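Notes for the structure review
Spelled out from the first residue to the last, the chains are:
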Amino acid sequence: MKSPRAERRFALLLRLFPGGFRHRFEDEMRSVLGSDHASSRDRGPRALAAFWWRTVIGVLRTAPAEHLEAAALDARYALRRLLRRPLFSVTACLSLAVGIGATTAVVAVYKAALLDGIPGIVAPRRLVNVKPIAARAETFELVPYPYYAALRAGEAVLSDLAGFHGTTTSLGSGAPGEAEVRGTQVVSTNYFRTLGVRPRLGRFFLEEEEAEAIPVAVVSDRLWRDRLGAAPMGSQVRINGRTFTVVGVAPPGFRGHFKGFGFDVFIPMGMAEVAGLPDHRDRSHGWVEMVGRLAPGVGMEAAGAALGSLGHALADAFPRERGNLELTVERNRGIDAELRSGLLVLLVTLFFIGAFVLAIACLNVAAVMLGDLMGRRGEMALRRSLGAPPNRLASQLLVESGLVALVGGGLGFLLATWATRLASAALGSVDSRVSLAVRLDAGVLGAVLALCAATTIVAGLAPALAAARAEPVEALRTHRRPGKGHTRFFKALVIGQVVLSFVVLVTASLFLRALERAVTLDPGFETAGVELTTLEPELAGMRADDIRNFFAEARERIAALPGVEAVALTSRVPLSLGARLFPNPLEIQIAGWEPPPGQEGFLIEHAIVSSGYFDTLRIPIVAGRGFGRSDREGAAPVVIVDVAFADRFFPGGAVGRSVSRGATAITIVGVAAQSRYRAIDEAPAPFLYLPFDQHPRNAAVLLARARDAGAVPADMPGTGGPTGMAGEGRVGGAGAPGRGDTAPEARSALAAEIRRSLHELAPKLPVPDVESLDSRLAATFLPQRVAALTSAILGAVGLALSGIGLYGVLGIWVGRRRHEIGLRIALGARPADVQRLVLRQGVAAALAGVAVGIPLAVAGSRLFGSFLVGMSSNDPWSYLAVSALLLASALLASLLPAYRAARCDPMALLKES
């Protein structure tokens, strides 16, 4: 062929075929194509153009088929080899499945919680939360509706500003026992417009429906289909005993603009009182949250500055309610900023744990495949000598690792499916209204395929490169003994596995020890034997007087049950998620004490509790008395303080002293023992208890202590009966019961009796869920429990994989040095000396891995230090225990290779050489 240009074009087209095909047919194809090219060129430009067209089309048609045929051949060969090694195949596939499944599940949860948008919302990046931050409080405040209306009318940097409030209501037709609790949002008429949401059916709210308090409702698509039977617009539902007309259905998937908390019913702010909220004309009670959309061309800083100025301007119109607040703007991401940061840390930690286990599995597969390749050096050398191209041999090994990765990826996808369902169930166990749509969609499937591809490269690249670089003559000469370079590479793989295993195991140990510490810390009260349920009589349409009577009769009915020892009502459950996430400070003045700068008084956390509260939770009254029937509305205001409050403000004795709340003096009648309220690891802090009957509420948590749940000392001070000894109860549910824990059967029976009694008392009230205090408080540590369980399982897998890898490498090392070992034995070395030689290799690899792993674990543990309740991320016992465990694993993995080395026959080995 005389044309260099045509020659280059032929070479480029031939590169589209597999290497094996080119090796067999390249010369013949060049000859045929050259002859045709010369003939076409002689016939003229048109014939030459037709030749190139036919050639290119023919190559594009046949090259893919040749690639598929070569891949199918490699796959069949790889499958046969894997079937001949079932132990390796099963171990490799399962280990990869665990790593891929764990990382895929974390990716799915991360995507659902932090990346996925909320269905129906348009341009979510333009949405912002508008929050008034109190200078004297730790968290944002809620505003009265008139303040929100004034802010909405005066601002110009937002295209819209909507108000909302999430709550629960009773939904039903009015028949006894038919009502059910549903998440409900009270929203302004422009709420859906602000979010850009369009109705699936009907319409959203009109301005006059809010101003004139017209009972209309919008429902979620899920509620409309499942509960209302896809009824036509204009149908009616009963919400908290009031009839509402359904005017619209939200688009599929839309249940509010928060992730994790779904709402099925939306009502206008004019009907706020039906949901138990203040009238929308009330200027003294804050209950409105705000979300807005930035106007075109307006950035976050400009919006924050403008709204801040407007907030100061409104201080004159609202001096009492909002005068001390500073408006701030933050981007709306569908999840609270504090929850988002904590969730991000948890998910990133779990992702790296899963990725480390996957890396351990990949290194293990690579070590086994490389060891197998060393045993096939003779075969590879023979194939190279017969003309097989290096890339053909390398592709076969990559296909083998790819097949293992695909099987492991498929199993991992199934494992991730189960794990995501488990995660959704775990979220639901925290609160029945909590939900997160975790789906293994196309994006997650793409992550699985990417992990499979990465696994193929990591596990198969080293063996493939070794096969491609092998020289036939050298390989034939030394095919029985791998070179020193390969042995060093094996050791590097094992050390890498030990390093990754060390990091994973230290993480697991820290989480487990932190969880153990958290559930065994003394909360200051006994959780064992206490059942609880949330009572919201407003859901049955009750109002103030009816609610007071309901609470009083409910306490009497439950206290009369044969299995009940004590009953109480409280505004908040100590150590619950609500207590931890939402501070509840009360501002008081104390004579002789100057409040902190910028405050009119001291901000002290408080709870509103009924008489019997200290008996029910067994919190001792160390001085004075508890609350009694005399502490009712209209009587002299009283308060009980804890030991930390008394020690700080009244070290000489607090009983009989008083504090002030504005112009009202409140007398201290008792001092309660120290207990923890917001966090199990919090330092002792001042706390106040106010009597329920003097501060009536529309909702409360009922606590009931079962009999025989713990011994009750007779000399405990208090009112209305003995209070018991604190300190025996433990937070954390199963495995950490209080003294004399009640049997599960008895608890189940008591819960059923409580439900029955409450249903008889208020048939229209949705049947409440009754759960143990242990299970309620266990939800507080759900992130730590998930992290501890996941990291423990993956740590065990990583430990097993590193042990298997070390065992394989030592076997290869013994095989490479068997002639040397035989010579040592022939010269008089004892079997114990040979065993020590092998054991020393295994322990040295483990020590090297631990030495490298310690600084990595120290650096990584700082990431999740906030999840370690009551302990440091540099806990020395975790590092010592994991180091000892890895060294023991290395010794165990070294025993069999050492035993085999010591039993070598020196004469047989010397004859082989």
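The structure displayed is predicted, hence computed values, not measured ones.

Things to note about the overall build of the protein
Regarding its fold elements, the protein presents 27 helices and 21 strands. The proportion of buried residues among the 913 residues of the protein is 50%. For the protein, long-range pairs separated by at least 24 residues make up 81% of all intrachain contacts whose partners lie at least 6 apart in sequence. Split by element, the accessible area of the protein, about 40500 Å² in all, is 60% carbon and sulfur.

Some details on the nonpolar core
Membership of the largest hydrophobic core comes to 108 residues, with the highest contact counts inside it found for Tyr-613, Phe-614, Ile-619 and Tyr-689. The greatest single-element share of this core, amounting to 15 residues, is contributed by helix 16 (residues 484–520). Ala-554, Ile-668, Phe-692 and Leu-761 belong to the second largest nonpolar core, which has 45 residues in total.

Some remarks on the environment of Leu-414
Along the chain, Leu-414 turns up in helix 13 (residues 390–430). Between the C-alpha atom of Leu-414 and that of Ala-97, which follows or precedes it by 317 residues, the distance is 8.9 Å.

With respect to the pattern of salt bridges
Evaluated as defined, the whole model comprises 20 salt bridges. Residue Glu-526 is joined to Arg-618 by a salt bridge in which the shortest nitrogen-to-oxygen separation is 3.8 Å. Residue Glu-526 is found in the loop between helix 16 and strand 11 (530–535), and its partner Arg-618 is found in the loop between helix 19 (613–617) and strand 15 (621–624); the two are separated by 92 residues along the sequence. Assigned by exposure class, Glu-526 and Arg-618 land together as buried. With a closest N to O distance of 2.9 Å, Glu-760 and Arg-756 form a salt bridge. Placement of the pair is Glu-760 and Arg-756 together in helix 21 (residues 744–761), with a separation of 4 residues, close to one helical turn. Several salt bridges share partner residues, and in doing so they unite Glu-553, Arg-557, Glu-753, Arg-756 and Glu-760 into one network.

Details of helix 26 (residues 876–902)
With 27 residues, helix 26 should cover 39 Å at 1.5 Å per step; its first-to-last C-alpha distance of 38 Å lies within 8% of that length. If you look at helix 26, its biggest bend is around 35 degrees, right at Leu-895, and the proline Pro-897 turns up within four residues after that.

So, the confidence of the model for the protein
Per-residue pLDDT for the protein has a mean of 78; in total, 81% of the residues score no lower than 70. Overall, residues 709–740 carries pLDDT values under 50, and its contacts beyond four positions in sequence, including any with other chains, amount to 86 contacts.

Comments concerning a nonpolar patch on the surface
Together, Val-90, Leu-94, Val-407, Leu-411 and Leu-414 make up an exposed nonpolar region whose accessible area comes to about 440 Å². If you list the elements that add at least two residues to the nonpolar patch, you get helix 4 (86–115) and helix 13. Among the elements that take part in the nonpolar patch, helix 13 stands out by supplying 3 residues, more than any other. Relative to the elements of secondary structure, Leu-94 occurs in helix 4.

Quick word on the pairing of strand 19 (residues 687–691)
Burial analysis of strand 19 places 5 of its 5 residues in the buried class, the great majority of the element. Covered by surrounding structure in strand 19 are Phe-687, Tyr-689 and Pro-691 together with Leu-688 and Leu-690, the residues of both alternating faces. Where strand 14 (residues 602–609) and strand 19 come together, 5 bridges link them in parallel fashion. For Ile-608, the partnering residue across the bridge sits in strand 19 and is Leu-690. One ladder, built from 2 bridges, connects strand 16 (residues 638–642) with strand 19; its direction is antiparallel. In the strand pairing of strand 19, Ile-640 is matched with Tyr-689.

Description of unusual backbone geometry
Positioned with a positive phi, Ala-213 is a non-glycine residue whose angle comes to about 55 degrees. Counting through the fold element by element, Ala-213 comes out in the loop between helix 7 (207–211) and strand 5 (216–219). In this structure Ala-213 comes out as partly exposed when scored by relative accessible area, which is 28%. One non-glycine residue with positive phi stands out, namely Arg-618, at about 55 degrees. Given a relative accessible area of 1%, Arg-618 falls into the buried group.

A word on the packing of helix 25 (residues 831–861) against helix 26
Relative orientation and spacing of two packed helices are given, respectively, by the angle between their axes and the distance between those axes. For the pair helix 25 and helix 26, interaxial distance at closest approach is 8 Å and the crossing angle is 155 degrees. Viewed along their axes, helix 25 and helix 26 adopt a mutual orientation that is roughly antiparallel. For the pair helix 25 and helix 26, the crossing hand works out as right-handed. Considering only residue class, the contact of helix 25 with helix 26 consists of 22 nonpolar, 5 polar and no charged.

Regarding the environment of Ala-673
Note that Ala-673 resides in the loop between strand 18 (664–672) and strand 19. On the accessibility criterion, Ala-673 (13% relative accessible area) is buried. Linking Ala-673 and Ala-644, residues 29 residues apart in sequence, is a C-alpha distance of 8.7 Å. Dropping the residues within four chain positions of it, Ala-673 is found in contact with Ile-619, Pro-620, Val-622, Asp-642 and Val-643.

Looking at the packing of aromatic side chains
What the rule picks out here adds up to 25 aromatic pairs. For the pair Tyr-613 and Tyr-689, a centre-to-centre distance of 6.0 Å together with 45 degrees between the ring planes defines the contact as tilted. Linking Tyr-613 in helix 19 with Tyr-689 in strand 19, this pair joins segments that are 76 residues apart in sequence. Of the two residues examined, Tyr-613 and Tyr-689, each falls in the buried class. Consider the rings of Phe-687 and Tyr-689, whose centres lie 4.9 Å apart with planes at 65 degrees: the pair is edge-to-face. Of the two residues examined, Phe-687 and Tyr-689, each falls in the buried class.

Section: the packing of helix 5 (residues 145–154) against helix 9 (residues 300–314)
For the pair helix 5 and helix 9, the least separation of the axes is 11 Å and the interaxial angle reads 130 degrees. Judged by the inter-axis angle, helix 5 sits oblique to helix 9. Like other packed secondary-structure pairs, helix 5 and helix 9 cross with a definite hand, here right-handed. Across the interface between the two elements, Tyr-147, Ala-150, Leu-151 and Gly-154 of helix 5 pack against Leu-307, Leu-310, Gly-311 and Leu-314 of helix 9. Class assignment of the residues belonging to the contact of helix 5 with helix 9 gives a composition of 6 nonpolar, 2 polar and no charged.

Rules used throughout
Residues numbered from 1 in each chain as written. Predicted model: local features only at pLDDT ≥ 70, side-chain atom pairs only at ≥ 80, totals over all residues. Heavy atoms only, no water. Helix = DSSP H or I, 4+ residues; strand = E, 2+ residues; numbered from the N terminus. Buried < 20%, exposed > 50% of the residue type's maximum accessible area, 1.4 Å probe, protein only. Contact = heavy atoms within 4.5 Å. Areas by Shrake-Rupley, 256 points an atom, 1.4 Å probe, with all protein chains shown as cover. Core = buried A, V, L, I, M, F, W, Y, C linked by side-chain atoms within 4.5 Å. Salt bridge = Lys/Arg side-chain N within 4 Å of Asp/Glu carboxyl O. Expected span 1.5 Å × (residues − 1). Bend = angle between axes of the 7 residues up to and from the residue. pLDDT = per-residue confidence, 0-100. Patch = residues over 30% accessible without salt bridge, like charges linked within 9 Å, V, L, I, M, F, W, Y side chains within 5 Å. Pairing = 2+ DSSP bridges. Axes fitted to C-alpha atoms, helices over the stretch in contact; angles between N-to-C directions. Parallel < 35°, antiparallel > 145°, perpendicular 65-115°, else oblique. Left-handed = near helix turned anticlockwise from the far one by under 90°. Nonpolar A, V, L, I, M, F, W, Y, C, P; charged D, E, K, R; others polar. Phe/Tyr/Trp six-rings, centres within 6.5 Å; stacked < 30°, edge-to-face > 60°.

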